[in-house]
Amino acid sequence: MSVEHSLKQQMLNAVPHLRAFAISLSGSVDRADDLVQSTLLKGLSNLDKFQPGTSMQAWLFTILRNDFLTQTRRRKREVEDPEGSWAEKVAVMPDQGARLDFTDMLKALSKLPVDQREALLLVGAEGLSYEDAARICGTNIGTIKSRINRARNRLSEILKLDAKDDLGPDNLVKAALFMHASP
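What comes next concerns the included structure. (Residues numbered from 1 in each chain as written. Predicted model: local features only at pLDDT ≥ 70, side-chain atom pairs only at ≥ 80, totals over all residues. Heavy atoms only, no water.)

A look at the nonpolar core
Here is step 1 of the chain: In this structure, Leu109, Leu112, Leu120, Val123, Ile144, Ile148 and Leu155 are the most contacted members of the largest nonpolar core, which totals 17 residues.
Here is step 2 of the chain: Among the elements of the structure, α5 (95–110), α6 (114–125), α7 (130–137) and α8 (141–158) are those that each provide at least two residues to this core.
Here is step 3 of the chain: With 5 residues, α8 is the largest single contributor of residues to this core.
Here is step 4 of the chain: Counting 16 residues, the second-largest nonpolar core is a separate cluster that includes Ala32, Leu35, Phe50 and Met56. (Core = buried A, V, L, I, M, F, W, Y, C linked by side-chain atoms within 4.5 Å. Buried < 20%, exposed > 50% of the residue type's maximum accessible area, 1.4 Å probe, protein only. Helix = DSSP H or I, 4+ residues; strand = E, 2+ residues; numbered from the N terminus.)

Re the packing of aromatic side chains
Here is step 1 of the chain: Here the structure, examined in full by the defined rule, presents 2 aromatic pairs.
Here is step 2 of the chain: Centre to centre, the rings of Phe21 and Phe61 are 4.7 Å apart; their planes meet at 5°, and the pair counts as stacked. Linking Phe21 in helix α1 (residues 3–26) with Phe61 in helix α3 (residues 56–77), this pair joins segments that are 40 residues apart in sequence.
Here is step 3 of the chain: Among the residues examined, Phe61 registers a relative accessible area of 23% and is labelled partly exposed. (Phe/Tyr/Trp six-rings, centres within 6.5 Å; stacked < 30°, edge-to-face > 60°.)

With respect to a positive patch on the surface
Here is step 1 of the chain: Among the surface-exposed residues, Arg65, Arg73, Arg74, Arg75, Lys76 and Arg77 lie close enough to one another that they form a single positively charged patch.
Here is step 2 of the chain: Tracing the sequence through the fold places Arg77 in helix α3.
Here is step 3 of the chain: With relative accessibility at 66%, the residue Arg77 sits in the exposed group. (Patch = residues over 30% accessible without salt bridge, like charges linked within 9 Å, V, L, I, M, F, W, Y side chains within 5 Å. Areas by Shrake-Rupley, 256 points an atom, 1.4 Å probe, with all protein chains shown as cover. Salt bridge = Lys/Arg side-chain N within 4 Å of Asp/Glu carboxyl O. Lys, Arg positive; Asp, Glu negative; His and termini not counted. Charge placed at Lys NZ, Arg CZ, Asp CG, Glu CD.)

Concerning the pattern of salt bridges
Here is step 1 of the chain: By the definition in use, this model includes 6 salt bridges.
Here is step 2 of the chain: The salt bridge involving Lys42 is made with Asp67; its shortest N-O contact spans 3.0 Å. Of this pair, Lys42 sits in helix α2 (residues 29–45) while Asp67 sits in helix α3; the two residues are 25 residues apart in sequence, bridging distant segments of the chain.
Here is step 3 of the chain: Overall, Asp67 belongs to the buried group, its relative accessible area being 7%.
Here is step 4 of the chain: Residues Arg154 and Glu157 are paired through a salt bridge, measuring 3.2 Å at the closest nitrogen-oxygen approach.

None of the figures reported here should be taken as evidence of function without further support.
In structure tokens:
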């Protein structure tokens, strides 16, 4: 009988003991079976590291225990979310699209006349009232409303936007084009 065959037989003989130990650690037969299987796979793939003359069972118990502790630490950091409701709440939009949208918006804004850009940014981006924007610009409310309307229409043309839905998730763009949309 070869040495490798003898070691594999020792591994097989240790399975019932490994299973009992795994059940006592995990408290679950299913999880214990997974631990034993993982232990045996790791043991087989690292059989060359086993020190002949030492206890195969003790060596496998060490592998099982370390695997159990690693899984336990990992599980503490993980959140059970079988339906994905938690992940859905913490999902983050990728920022590269927003950066590109922002860059396009800045370019488009630079193509507007200064008075339109100023009125649009004061009301749309800064959230000021038409009255406050008119006071800052030294003009009347009707002129501010007109400038904002022309600026929104021109930005829609420059950015080739047909509908509100084309804007995506970027709130700056939405605010600039559609906040206080009715003059």
